[in-house]
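Summary of the model geometry
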Amino acid sequence: MDFRQLRQFVVLATELNYRKAAARLHMTQPPLSVAIKRLETEIGADLFERDRLGVRLTVAGGAFLREAKRLLEGADAALQAARDAAEGRMGALRVCAVPSAALHLLPRMLPEFTQRFPHIRLRLSSGSTVSILAGLQRGELDAAFLVPPASGVPGIAITALRRERLVLAVPAGHRVAGMKQVRLSDLTDETLVTLAHSDSPGFAGEIVAACQRAGFHPRVLQESSHALISLPLIAAGLGIAIVPAALRRIAIDNVAYVDLADESDLPLTYAMALAAPAESMNPAVRWFNDLARELLGPQPA
C-alpha cells in the first residue's frame, strides 16, 4: 500500500462514483477499479459495496477513510515542511545588532518578519560592530545590523540601509541642555565621550569626519565600548557625546538630548547596514535581507 493508493481510495470514497473519481485522478475507470480491488485484497476487507445503484462505503471503508485522510494530511504537511525548510521559510535565524539598531531597527523589522515567516525561530543578541563581524566570519551569526566599516570585510556581504540620525547627549546642567538644536561647530571646545575605534571603527570614523568638516578635531577624554555605556559617563559630567538618536528612548538621570545639525542646519547622520556571510547556507537569510531592504533601505534620491 502506498500514498497513491490512499489518494485513489479517498477520492472514490468522496465521489462514490468511479467515473467522476477517475476523472479527478486523471486516469480511466478500469485501472482505478483494479487499484481499489488490490487495496481491498491487501487490507483483507471490502471497503465499498457495489451494486447497480452505485458505490457505497462499508463500515470498514468508513473507518479506513478517517485514517487514510489523517495519513495523507500528515504526508502533505511533511512535504510542505521540507519545502519550507529548503526555501528558508522555517528553521532558525541568528541575528545580532549594535545597541542603537536593537532599539530602533529591530522593532521596525521583526513584527513584519515574524508575521510573514511565523515558522522561523529568531535568536537575537547584541554586540559591537567588531565582535559582530568576527561572529559572522566564524559562522556563529546569520545576519546583523551594524555600522559598516570603511573597507570591505572578507567573506561578508554588506547591504546599505537608510542613514540614521545623530543627537547630542549632555549632562542636564550643560549650557546647551535646554536648546532645541545645536550646530556641531558650536562644540569646538567641548570634551567628547566617544565609541572606541577598536569596537566600532565605522561609527568612530563618522564622528571624527563630521567634526573635521565642522572645522575642528574632537577632543576625546573618555572612550566606551558602545553607545549605551556612554550615557553614565555623560550623567557623571565627564563630557558630552554624539550618539545615535535611538538612544533618546532611554531615560537616564542627569542626561539631556539635543538635536544636532551641520553648518547648513541639516541633521547629522551615520551609516547603518545589514551584514551576512557572503556564502550563507541558511536560506532564511535571503528573506531577512529582502525585507530589510524593503523596510529599511536607503531613501530614493
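The shown structure was predicted, so the numbers you read here are calculated from the model rather than taken from an experiment.

Considerations on the UniProt feature "transmembrane region" (unreviewed entry) in the chain
Per the UniProt record, the feature "transmembrane region" (unreviewed entry) sits at residues 227-247. Taken as a whole, residues 227-247 contains 43% helix and 19% strand, while its terminal C-alpha atoms sit 8 Å from one another.

Re the packing of aromatic side chains
One pass over the full model with this rule turns up seven aromatic pairs. A ring pair is formed by F9 and F48, whose centres lie 5.5 Å apart and whose planes are at 55°; its orientation type is tilted. Separated by 39 residues along the polypeptide, F9 in helix 1 (residues 3-15) and F48 in strand 1 (residues 48-51) bring together distant segments of the chain. Of the aromatic side chains, those joined through ring pairs into one cluster are F113, F117, F145, W287 and F288. The ring centre of W287 lies 4.3 Å from the NZ or CZ of R286, which sits over that ring.

So, helix 7 (residues 201-213)
Its 13 residues give helix 7 an end-to-end C-alpha distance of 18 Å, which sits within 8% of 18 Å, the value for a rise of 1.5 Å per residue. Of the surrounding elements, those touching the buried residues of helix 7 are strand 7 (164-171), strand 9 (191-195), strand 11 (241-244) and strand 13 (269-270). Positive phi appears at G215, one or two residues downstream of helix 7, with a value of about 100°.

A word on the domain arrangement of the chain
Under the domain assignment used here, the chain contains domain 1 (3-87), domain 2 (91-154 + 274-296) and domain 3 (162-270). Relative to domain 3, the C-alpha centre of domain 2 lies at a distance of 26 Å. Across the boundary between the two partners, domain 2 contributes 14 residues, which contact 17 residues of domain 3. In total, about 1200 Å² of surface goes out of reach between domain 2 and domain 3, with carbon and sulfur atoms giving 63% of it.

Side note on the side chain of N289
Inspection of the secondary structure assignment puts N289 in helix 9 (residues 284-296). Once you skip the residues sitting within four places of it in the chain, N289 turns out to touch T159 and L274.

Digging into helix 1
Given a rise of 1.5 Å per residue, 13 residues ought to cover 18 Å, and the 18 Å separating the end C-alpha atoms of helix 1 matches this to within 8%. All of the buried residues along helix 1 are Q5, L6, Q8, F9, V10, V11, L12 and A13. Two residues or fewer after helix 1 comes L16, characterised by a positive phi angle close to 50°.

Details of the environment of A92
Its place among the elements puts A92 in strand 3 (residues 90-97). For A92, a relative accessible area of 24% puts it in the partly exposed group. Once the C-alpha coordinates of A92 and T159 are considered, the two residues, 67 residues apart in sequence, prove to be 21 Å apart. Ignoring any residue separated from it by four or fewer positions in sequence, one finds A92 in contact with I120, R121, R123, D142 and N282.

Criteria and thresholds
- Residues numbered from 1 in each chain as written.
- Predicted model: local features only at pLDDT ≥ 70, side-chain atom pairs only at ≥ 80, totals over all residues.
- Heavy atoms only, no water.
- UniProt positions renumbered as here; feature names shortened; annotations may be inferred.
- Helix = DSSP H or I, 4+ residues; strand = E, 2+ residues; numbered from the N terminus.
- Phe/Tyr/Trp six-rings, centres within 6.5 Å; stacked < 30°, edge-to-face > 60°.
- Lys NZ or Arg CZ within 6 Å of the ring centre and 35° of its normal.
- Expected span 1.5 Å × (residues − 1).
- Contact = heavy atoms within 4.5 Å.
- Domains from an automatic or database assignment.
- Buried area = accessible area lost by both parts, 1.4 Å probe.
- Buried < 20%, exposed > 50% of the residue type's maximum accessible area, 1.4 Å probe, protein only.

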